[in-house]
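A closer look at the structure
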Amino acid sequence: MEDKRNYCPIHKKRLVITKTRFGPRGDCPEIGCTVVLWYNDETALPADKETRKARHEVHILFDPLWQTGKFKRTKLYKMLSSYMRLKPKKTHIGMFTKEQCEKAIEFVNSLHHGTDLDRIHY
Ligand SMILES: [Zn+2]
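Below is a summary of the structure that appears in this document. (Residues numbered from 1 in each chain as written. Predicted model: local features only at pLDDT ≥ 70, side-chain atom pairs only at ≥ 80, totals over all residues. Heavy atoms only, no water.)

A tally of helices and strands in the protein yields three helices and three strands. The order of α-helices and β-strands along the protein, N terminus first, is β-β-β-α-α-α. For the protein, the spread of C-alpha atoms along the principal axes amounts to about 55 × 25 × 20 Å. Within the protein, buried positions represent 35% of all 122 residues. Here the contacts in the protein between residues at least 6 apart in sequence split such that 40% fall between residues at least 24 apart. In the structure as shown, the protein presents an accessible area of about 8300 Å², 55% of it carried by carbon and sulfur atoms. Across the protein, the 24 positively charged side chains and the 15 negatively charged ones have centroids separated by 4 Å. (Helix = DSSP H or I, 4+ residues; strand = E, 2+ residues; numbered from the N terminus. Buried < 20%, exposed > 50% of the residue type's maximum accessible area, 1.4 Å probe, protein only. Contact = heavy atoms within 4.5 Å. Areas by Shrake-Rupley, 256 points an atom, 1.4 Å probe, with all protein chains shown as cover. Lys, Arg positive; Asp, Glu negative; His and termini not counted. Charge placed at Lys NZ, Arg CZ, Asp CG, Glu CD.)

This is the structure in structure tokens:
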């Protein structure tokens, strides 16, 4: 785990850490590689620009579900875990690959369509 946070998943090169006003940031030294890790996000894994964008989109869709109180946060993450067939410990959006992000968005959409838990509210 600690190791995974220090290496580029594409080039397997050790990230170069710089201090920024947003906290320590790790960059892959390979020219043209967009892999970054913000170390302040304790559960995140390094990812390229496309993946980080996808994770951001998941947060935009997923977070309001618990922020608005529609679902309890812990319960929502448990539901996401089982939908994605991941262990709860591995169910962190900051760890997701691009494909996993697509699956997570699918999960959010399934909630909006009322296929699962909306029924329980009746
Ligand atoms: Zn790289």
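The structure having been displayed, the exposition proceeds.
This next bit is on the coordination of the zinc ion. Within the protein, the zinc ion binds to Cys 8 (SG), His 11 (ND1), Cys 28 (SG) and Cys 33 (SG); these donor distances fall in the range 2.0 to 2.3 Å. For the zinc ion, the four donor atoms in the first shell make angles of 105 to 115° at the metal, a pattern classed as tetrahedral. Read from N- to C-terminus, the donor residues coordinating the zinc ion fall into the pattern C-x2-H-x16-C-x4-C. Placement of Cys 8 in the segment before strand S1 (16-20) and of Cys 33 in the loop between strand S2 (23-27) and strand S3 (36-38) is noted, with a sequence separation of 25 residues between them. (Donors = N, O, S within 2.8 Å, 3.2 Å for Na, K, Ca; no water. Tetrahedral: all angles 85-135°; square planar, octahedral: opposite > 155°, others 65-115°.)

Let's shift gears to the packing of helix H1 (residues 49-67) against helix H2 (residues 73-84). Interaxial distance between H1 and H2 falls to 8 Å at its minimum, and their mutual angle equals 135°. In terms of orientation, H1 lies oblique with respect to H2. In this structure, H1 crosses over H2, and the sense of that crossing is right-handed. Across the interface between the two elements, His 59, Phe 62, Leu 65 and Trp 66 from H1 touch Arg 73, Leu 76, Tyr 77 and Leu 80 from H2. (Axes fitted to C-alpha atoms, helices over the stretch in contact; angles between N-to-C directions. Parallel < 35°, antiparallel > 145°, perpendicular 65-115°, else oblique. Left-handed = near helix turned anticlockwise from the far one by under 90°.)

Turning to the nonpolar core, a few remarks are in order. Counting residues in hydrophobic clusters, the biggest one holds 17 residues, and the most contacted among them are Phe 62, Leu 65, Leu 76, Leu 80, Phe 96, Phe 107 and Leu 111. Breaking this core down by element, the ones donating at least two residues are H1, H2 and helix H3 (98-112). Discounting residues that sit within four places of it in the chain, Phe 96 has contacts with Thr 51, Arg 55, Leu 80, Met 84, Leu 86, Lys 90, Thr 91, Cys 101 and Ala 104. Residues Cys 28, Cys 33, Leu 37 and Tyr 39 belong to the second largest nonpolar core, which totals eight residues. (Core = buried A, V, L, I, M, F, W, Y, C linked by side-chain atoms within 4.5 Å.)

Any functional reading would require information that these geometric values do not contain.
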